[in-house]
Amino acid sequence: MSLPDEPFEQWLAQAAGRLAQRLPTQATTPGFYLHFGADYPLPGLFDSPPNTIPLDDLLPGLPQGPNLDGIPPALLAGLCHGVPVLAAIGNRRVAEGHGHRIPLFPTALAAFMGIRNHLFLDTAVSLSPDFKIGKWGMLTDFACDFSFSPLEGLHHLLPTPFPDLSQTLDQAQNAEVINALAEFGDPPRLCTYHGIPGFHLPTPAEANRARRDGGDFLGHDLVLHLILAHAWGCRVSALALAGLQLLPGSQIRSCREEMLETGRLCSPQLQRGLRKAIREMADAAQGYKVNLLPDADADELLRESIRQSATRSSPLKAFLKRRDTP
């Protein structure tokens, strides 16, 4: 089963309309999209039990039944530290044979709906002694071995048909997540992710090649979601959890279930860190929106601060606070 290429935006519009009816009343469009590629228990992520929406309820053309890990694909909609969030769980893989549009559909749907802050999380194989089992890595770069692009046929939906992937991963958003996770345990280290087709554990040759190319982690479909979200104009961050460690000369003696169990054990720290990061990013964005210039001498202030960034430490913001104080 696969989605037709030509009316893909119609499929997205149909699913977006149905999803909007199922979202919590606090917000029509969530502020963040979280994509979980493995089994991470999420009872502590939301303020209250989220609205669970089976993915095949949104679109008749989507396949039914659980994914390869036995998890039914679904979207979770609710509040995370007071911020409306949409989370995807039980995501399908390209190697399941449904084409690439169906596995990428949740990410495309979030971008189509205007959710611009995307955070992807998945469990992968560590190729470096720096990333022991249970250690998180924050992606700063990636390599992709897939023979196709996830953007094929979507050029009319993207801000530009020639996206620049050199800045795919948003460093400012990365910093927010790293700082938040650091308060609840060992912070993630920066890493490079190498994506290969399939859903198999890597051969020693595949691991050695990825390692020679600078890869710290080796996984699969995550890279396709990163490319799609960034090309659609979203701010993208990604975390990889070391579910297995494959060092030079060693052999993997673990199974997929052990990788999923690692995700379950590491989930509490992740949830606490994500809640803090999402709240802080939402507060910062809201603060920038309401921080208006005084009407009387706005032109003068703009000329003086035309090159100054509107960050928390911006001299312009501090000046405005002084001017606005009665």
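Quick summary incoming for the structure in this document. (Residues numbered from 1 in each chain as written. Predicted model: local features only at pLDDT ≥ 70, side-chain atom pairs only at ≥ 80, totals over all residues. Heavy atoms only, no water.)

1. Quick look at the overall build of the protein
Definition in use: The helix and strand labels rest on DSSP assignments: H or I over at least four residues marks a helix, E over at least two residues marks a strand, and numbering proceeds from the N terminus. In this scheme, a residue with accessible area under 20% of its type's maximum is buried, one over 50% is exposed, and one in between is partly exposed, where area comes from a 1.4 Å probe on protein chains only. What makes two residues a contact is simply this: any of their non-hydrogen atoms within 4.5 Å. Residue burial considers only the protein chains on display, and all accessible areas are found by Shrake-Rupley using a 1.4 Å probe.
What the protein contains, in helices and strands, is 9 helices and 9 strands. Counting the 326 residues in the protein, one finds 48% classified as buried. Within the protein, contacts between residues at least 6 apart in sequence are counted, and of these 81% link residues at least 24 apart. Accessible surface, the protein as shown: approximately 15,000 Å² in total, 53% of it carbon and sulfur.

2. Structural notes on the packing of aromatic side chains
Counted only if it meets this: Only rings of Phe, Tyr and Trp enter the pairing, Trp through its six-membered ring, and a pair is recorded when the two centres are within 6.5 Å. The plane angle decides the type: under 30 degrees is stacked, over 60 is edge-to-face, the rest tilted.
All chains considered together, the criterion is met by 6 aromatic pairs. With centroids separated by 4.9 Å and ring planes inclined at 55°, the aromatic side chains of Phe 131 and Phe 217 adopt a geometry described as tilted. Of the two residues, Phe 131 is situated in the loop between strand S5 (117–126) and strand S6 (136–144) and Phe 217 in strand S8 (residues 217–219); the sequence distance between them amounts to 86 residues. An identical accessibility class is assigned to Phe 131 and Phe 217; each is buried. An aromatic cluster is present here, built from Phe 36, Tyr 40 and Trp 136 joined pairwise through their rings.

3. A word on the side chain of Lys 135
Position of Lys 135 relative to the elements: it lies in the loop between S5 and S6. With sequence-adjacent residues up to four places away left out, Lys 135 is seen in contact with Asp 130, Asp 186, Pro 187, Arg 189, Phe 217, Ala 240, Leu 241 and Ala 242.

4. Thoughts on the environment of Gln 14
Along the chain, Gln 14 falls in helix H1 (residues 8–22). Each C-alpha atom, one on Gln 14 and one on Leu 109, is 10.0 Å from the other, the two residues being 95 residues apart in sequence. Setting aside anything within four residues of it in sequence, one finds Gln 14 in contact with Leu 58, Leu 59 and Pro 60.

5. Considering helix H3 (residues 101–112)
We apply this condition: Expected span, for any helix, means 1.5 Å times one less than how many residues it has.
In a regular helix each residue adds 1.5 Å, so 12 residues correspond to 16 Å; H3 covers only 14 Å between its end C-alpha atoms and thus falls short of that length. The element H3 is extensively covered by neighbouring structure, given that 11 of its 12 residues are classed as buried. Buried residues of H3: Arg 101, Ile 102, Pro 103, Leu 104, Phe 105, Pro 106, Thr 107, Ala 108, Leu 109, Ala 110 and Ala 111, and no others. Just downstream of H3, Gly 114 is the residue with a positive phi angle, here 95°.

6. Overview of unusual backbone geometry
For residues other than glycine, phi is negative in most cases, and the peptide bonds are mostly trans. Of note, the phi angle at His 81 is positive, near 55°, even though the residue is not glycine. If you trace the backbone, His 81 turns up in the loop between strand S3 (74–80) and strand S4 (83–89). For His 81, a relative accessible area of 36% gives the class partly exposed.

7. Quick look at the pattern of salt bridges
For the record, the criterion: Should a side-chain nitrogen of Lys or Arg be within 4 Å of a carboxyl oxygen of Asp or Glu, the pair is scored as a salt bridge.
Within the structure shown, the criterion is met by 13 salt bridges. Two residues, Arg 275 and Asp 47, come together in a salt bridge whose shortest N-O distance is 2.8 Å. In this pair, Arg 275 sits in helix H7 (residues 256–290) while Asp 47 sits in the loop between strand S1 (32–36) and strand S2 (51–54), placing the two residues 228 residues apart along the sequence. Notably, a salt bridge pairs Glu 257 with Arg 264, separated by 2.8 Å at the nearest N-O pair. A residue is classified by how much of its surface remains accessible, and Arg 264, at 24% relative accessible area, is partly exposed. One continuous salt-bridge network, built from bridges that share partners, spans Asp 39, Glu 257, Glu 261 and Arg 264.

8. Concerning the packing of H1 against H3
Just so we agree on the cut-off: All axes are obtained by fitting lines to C-alpha atoms, using only the stretch in contact for helices, and the reported angles, taken between N-to-C directions, cover 0 to 180 degrees. Handedness of a crossing is defined here by the sense of rotation of the near helix relative to the far one, left-handed for an anticlockwise turn of less than a right angle and right-handed for a clockwise turn.
One way to put it is that H1 packs onto H3 with a least axis distance of 10 Å and a crossing angle of 65°. As for how H1 packs across H3, the hand of that crossing is right-handed. Facing H1, whose interface residues are Phe 8, Glu 9, Trp 11, Leu 12, Ala 13, Ala 15, Ala 16 and Leu 19, H3 presents Arg 101, Phe 105, Ala 108, Leu 109 and Phe 112.

9. A few points about the nonpolar core
We apply this condition: The term nonpolar core refers to a set of buried residues drawn from Ala, Val, Leu, Ile, Met, Phe, Trp, Tyr and Cys, joined through side-chain atoms within 4.5 Å.
Membership of the largest hydrophobic core comes to 55 residues, with the highest contact counts inside it found for Leu 19, Phe 105, Leu 109, Leu 139, Tyr 193, Leu 226 and Trp 232. Here this core takes 8 residues from helix H6 (residues 222–231), the largest share from any one element. With near-sequence residues (within four places) excluded, Leu 19 lies in contact with Ile 53, Leu 58, Leu 75, Leu 86, Leu 109 and Met 113. Listed in part, the 31 residues of the second largest apolar core include Leu 34, Cys 80, Ala 180 and Leu 241.

10. Some words on the pairing of S5
We count it as follows: Any two strands with at least two DSSP-identified bridges between them are counted as paired.
For S5, the buried fraction is high: 10 of the 10 residues fall into the buried class. Two strands pair when backbone bridges link them, and S1 and S5 are joined in this way by 5 bridges, in the parallel orientation. Looking at S5, one finds that Phe 32 is bridged to Asn 117. Here S5 runs beside S8; their pairing, made up of 2 bridges, is antiparallel. Residue pairing in the sheet places Val 125 in a bridge with Leu 218 of S8.

Read these as geometric descriptors, not functional statements.
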